[in-house]
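Results of the structural survey
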Amino acid sequence: MSTQPQPSEQASLVGEEYEVEVGPVAHGGHCIARTSEGQVLFVRHALPGERIVARVTEGEENSRYLRADAVKIVEASKERVEAPCPYAGPGRCGGCDWQHAKPGTQRRLKGDVITEQLKRLAGLTPEEAGWDGTVMPAPGDKLPAGEVPAWRSRVQYAVDEDGRVGLRKHRSHDVEVIDQCLIATEGVSELGVEHREWPQIASVEAIAASGSGDRQVIVAPRAGGRLPLVELDKPVSVLRVEEHDGGVHRVHGRAFVRERADGRTYRVGMGGFWQVHPQAPQILVEAVMQGLMPRKGDSALDLYCGVGLFAGAIAERVGETGAVLGIESGKRAAEDAVHNLQDLTRVRIEHGKVDAVLPRTRITETDLIVLDPPRAGAGKQVVKHLTTLGARRIAYVACDPAALARDLAYFREGGYKPRTLRAFDLFPMTHHVECVAILEPIAKGA
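Residue numbering note: each chain is counted from 1, following its sequence as written. Under the rules for a predicted model, residues below a pLDDT of 70 receive no local features and side-chain atom pairs below 80 are neither given nor counted, while totals for whole chains, interfaces and linings still include all residues. Note: side-chain values were computed over all heavy atoms of the structure, leaving out hydrogens and water.

It is worth spelling out the overall build of the chain at this point. A run of H or I in DSSP becomes a helix once it reaches four residues, and a run of E becomes a strand once it reaches two; helices and strands are each numbered from the N terminus. Counting its regular elements, the chain contains eight helices and 22 strands. Each radius of gyration is computed over the set of C-alpha atoms, and the globule rule expresses the reference value as 2.2 Å times the number of residues to the power 0.38. For 446 residues, the compact-globule estimate of 2.2 N^0.38 gives 22 Å, and the C-alpha radius of gyration of the chain, at 23 Å, lies within 12% of that figure. Considered along the principal axes of its C-alpha atoms, the chain spans approximately 70 × 65 × 65 Å. For each residue, the accessible area found with a 1.4 Å probe, counting protein chains only, is set against the maximum for its type, and the residue is called buried under 20%, exposed over 50%, and partly exposed in between. Counting only residues that meet the buried cut, the chain has 53% of its 446 residues in that class. For the chain, long-range pairs separated by at least 24 residues make up 63% of all intrachain contacts whose partners lie at least 6 apart in sequence. Of the accessible surface of the chain, which amounts to about 20,800 Å², a share of 48% is contributed by carbon and sulfur atoms. Charged residues are defined narrowly, with Lys and Arg counted positive, Asp and Glu counted negative, and His plus the chain ends left uncounted. Positions of charges follow a simple convention, taking NZ of Lys, CZ of Arg, CG of Asp or CD of Glu. Side chains of the chain give 56 positive and 61 negative charges; the mean places of these two sets differ by 5 Å. Residue contacts are counted whenever heavy atoms from the two residues lie within 4.5 Å of one another. All accessible areas in this document rest on Shrake-Rupley with a 1.4 Å probe, and a residue is counted as covered only by the protein chains that are shown.

All right, on to the packing of helix 1 (residues 103–122) against helix 8 (residues 401–413) then. Packing of helix 1 against helix 8 leaves a shortest axis separation of 8 Å and a crossing angle of 35 degrees. Of the two possible hands of crossing, helix 1 and helix 8 adopt the one that is right-handed. Taking contact as the criterion, the partners of Val113, Ile114, Gln117, Leu118, Leu121 and Ala122 in helix 1 are, on helix 8, Pro401, Ala402, Ala405, Arg406, Leu408, Ala409 and Arg412. Fitting a line to C-alpha atoms yields each axis, with helices limited to the stretch in contact; the angle taken between N-to-C directions then spans 0 to 180 degrees. Crossing handedness follows the turn of the near helix against the far one: under a right angle anticlockwise gives a left-handed crossing, and clockwise gives a right-handed one.

A few words on the nonpolar core. The set of buried Ala, Val, Leu, Ile, Met, Phe, Trp, Tyr and Cys residues whose side-chain atoms join them within 4.5 Å is what this entry labels a nonpolar core. Counting 76 residues, the largest nonpolar core has Tyr157, Val193, Trp198, Val217 and Val288 as the members making the most contacts within it. Per-element tally for this core: the top contributor is helix 3 (residues 280–292), with eight residues. If sequence neighbours within four positions are ignored, Val193 has contacts with Tyr157, Val165, Trp198, Val204, Ala206 and Leu232. Grouped together as the second largest cluster of nonpolar side chains are 37 residues, Leu124, Leu301, Ile327 and Ala405 included.

Strands are treated as partners if at least two bridges between them are detected by DSSP. Pairing between strand 1 (residues 17–26) and strand 4 (residues 51–58): five bridges, direction antiparallel. Of the residues in strand 4, the one forming a bridge with Glu21 is Arg51. In terms of strand pairing, strand 1 meets strand 2 (residues 30–34) through three bridges, oriented antiparallel. Note that in strand 2 the partner of Ala26 across the bridge is His30. Counted along the chain from strand 1 to the antiparallel partner strand 2, the turn is three residues long, and its residue Gly28 has a positive phi close to 125 degrees.

A word on unusual backbone geometry. Non-glycine residue Arg171 carries a positive phi angle of around 50 degrees. By secondary structure assignment, the location of Arg171 is in the loop between strand 8 (165–168) and strand 9 (175–177).

If you walk across this open sheet you meet the seven strands as 9-8-7-10-11-12-13, and the pairing is mixed. Each edge of the sheet is formed by a strand with only one pairing partner; in this case those strands are strand 9 and strand 13 (248–252). Here the strands of the sheet are splayed against their neighbours by 35 degrees on average, with no regard to which way each runs. Bridging between strand 11 (residues 215–221) and strand 12 (residues 237–241) involves four bridges; their strand directions are parallel. Each bridged residue has a counterpart across the sheet, and for Gln216 the counterpart in strand 12 is Ser237.

With that out of the way, let us pick up the sheet that holds strand 2. Pairing between the strands of a sheet is mediated by backbone hydrogen bonds and can be parallel or antiparallel. The five strands lie next to each other as 1-2-3-5-4, forming a closed barrel whose pairing is mixed. Taken pair by pair, the neighbouring strands of this sheet meet at an average axis angle of 55 degrees, ignoring direction.

Salt bridges are identified by distance alone: a Lys or Arg side-chain nitrogen within 4 Å of an Asp or Glu carboxyl oxygen. Under the criterion given, the structure shown has 30 salt bridges. With its nearest N and O atoms 2.7 Å apart, the salt bridge here joins Asp214 to Arg258. Note that Asp214 is positioned in the loop between strand 10 (201–208) and strand 11 and Arg258 in strand 14 (residues 256–261), a separation of 44 residues in sequence. Note on Asp214: relative accessible area 6%, which makes it buried. Exposure remark for Arg258: the relative accessible area of 32% places this residue in the partly exposed category. A salt bridge links Glu242 to Arg240; the shortest N-O distance between them is 3.7 Å. Exposure class is identical for Glu242 and Arg240. Each is buried. When salt bridges with common partners are traced through the structure, they connect Glu19, Glu21 and Arg51 into a single cluster.

Further remarks concern the packing of aromatic side chains. The description of an aromatic ring pair rests on the distance of the ring centres and on the angle between the ring planes. Between 30 and 60 degrees the pair is tilted, below 30 it is stacked and above 60 it is edge-to-face, where a pair is any two Phe, Tyr or Trp rings, Trp via its six-membered ring, whose centres lie within 6.5 Å. Enumeration according to the criterion identifies five aromatic pairs in this entry. With a centroid separation of 4.7 Å and an interplanar angle of 35 degrees, the aromatic rings of Phe42 and Tyr65 are classed as tilted. Here the residue Phe42 occupies a position in strand 3 (residues 40–44), and Tyr65 occupies one in strand 5 (residues 65–75), the gap between them amounting to 23 residues. Between Phe411 and Tyr416, the aromatic rings sit 6.5 Å apart at their centres with planes inclined by 70 degrees, giving edge-to-face as the arrangement. Three or more aromatic residues joined by ring pairs make a cluster, and in this case those are Tyr396, Phe411 and Tyr416. Two conditions define a charge located above a ring, namely a distance within 6 Å from the ring centre to NZ of Lys or CZ of Arg, and an angle within 35 degrees of the ring normal. Lying across the ring of Phe256, Arg267 places its NZ or CZ 5.7 Å from the centre.

This part covers a negative patch on the surface. A grouping of Glu9, Glu16, Glu60 and Glu61 is seen on the molecular surface, where their side chains present a negatively charged patch. By the secondary structure assignment, Glu60 is in the loop between strand 4 and strand 5. Exposure above 30% relative accessible area and the lack of any salt bridge qualify a residue for a patch; like charges then connect within 9 Å, and the nonpolar side chains Val, Leu, Ile, Met, Phe, Trp and Tyr within 5 Å.

So, on to the environment of Gln156. Relative to the helices and strands, Gln156 resides in strand 7 (residues 154–159). Put simply, Gln156 and Val219 are 63 residues apart on the chain and 9.7 Å apart in space, counted from C-alpha to C-alpha. If we skip the residues at most four places from it in the chain, Gln156 touches Leu167, Ser203, Val204 and Glu205.

Each turn of an α-helix holds 3.6 residues, which means side chains three or four residues apart point in the same direction. Taking 1.5 Å as the rise per residue, helix 8 with 13 residues should run 18 Å; its terminal C-alpha atoms sit 19 Å apart, in good agreement. Taken together, the buried positions of helix 8 are occupied by Pro401, Ala402, Ala403, Leu404, Ala405, Asp407, Leu408, Ala409 and Phe411. On its buried face, helix 8 sits against helix 1, strand 19 (368–371), helix 7 (380–386), strand 20 (393–398), strand 21 (416–425) and strand 22 (434–441). Where helix 8 begins, the side chain of Asp400 points an oxygen toward the backbone nitrogen of Ala402, at a separation of 2.9 Å. With its phi angle positive at about 95 degrees, Gly415 sits one or two positions after the end of helix 8. A helix is expected to span 1.5 Å multiplied by its residue count minus one. We call two N or O atoms a polar contact when they sit within 3.5 Å, provided that within protein one can donate a hydrogen and the other can accept it, with sequence-adjacent residues counted only if both atoms are side-chain atoms.

This is the structure we're talking about:
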């Protein structure tokens, strides 16, 4: 009887320490270093140019790369600051990536990541992408080193077995118990979620609308757990995540919050998507509209339209003779979009996945397109379809530079190139960055 050969056991390197020189920043909130044996380390809590002691947190002898934390700074970068948050650091809260870097340094690091992703995945230099290389802070977020902007208008807290609230540790289900999140807006902090116990609860999401005084918490009980009486420091609506289907249901108060952008009020129901930074919706609407330059009578597509933010902005500008079609996969978000834009008869909202709904519309041409896809990007199939519609301009809103770069390569195959690219630091202290690329057809013969 023959037996299958068993793969040799690889020795775990977790806990091993290496003194290394830190190389460039990489996408994901870490920097690259190498062990003396040449094995790649993705190191958190480090900065380029530093000499550190890195402790391995994931990986084995034959792993392609190892993950590690900088546990000792031998030679510090002049861009390093002491982390303002007491919960930041190796093995602690995983919410922020760059608490140890000056604010301007954080933006430069994000710019380096965008540059690297554009080159590697799209074959574009910043000049070819129409980008000046800067990552712009939101107004009011440009603070001195050691200060943290309170920008996060919704925070999902994890709850430990003892009912204490915290945030997840990096790449872990473990909970770092906290009594304050520095990046949370005042509207979230004033609810006092961290100062109460939450027995039988798995998570609590706190939402503070920036366009109104609406406050909301979404509570997810543990399996078989009962929902406690929720009493917080400010009036708040309560929603519950149902165990059997994961759906969100109203317990008391409004099932939605009201947000404002571009002169309009938007209903966002059942914890649906809205930009987390209070200034992000207005910043992004302005960037998209400045790039698209809608004209009276234009037709437009708003793909992954959410509750209708861009569709509403375009419809206001194309006038009564224009037409806007929004497509959104989330049922509640699509319903909210219909509600939010009901006064604009030139807007139609379709519910379903973009790659399925768009071909069914039988639209063969349009003047303008805006797409704000999820983190994974739009993908080759959707991009290929969009390039056949003859749009004068396309606005691509991206929360992930890698997905943006991949899709820009697909757009180039279909005859479109970036005219401009703008980057905004709408997630301070984290590695995330928002980009708006404006595309136009490649001139024949170019």
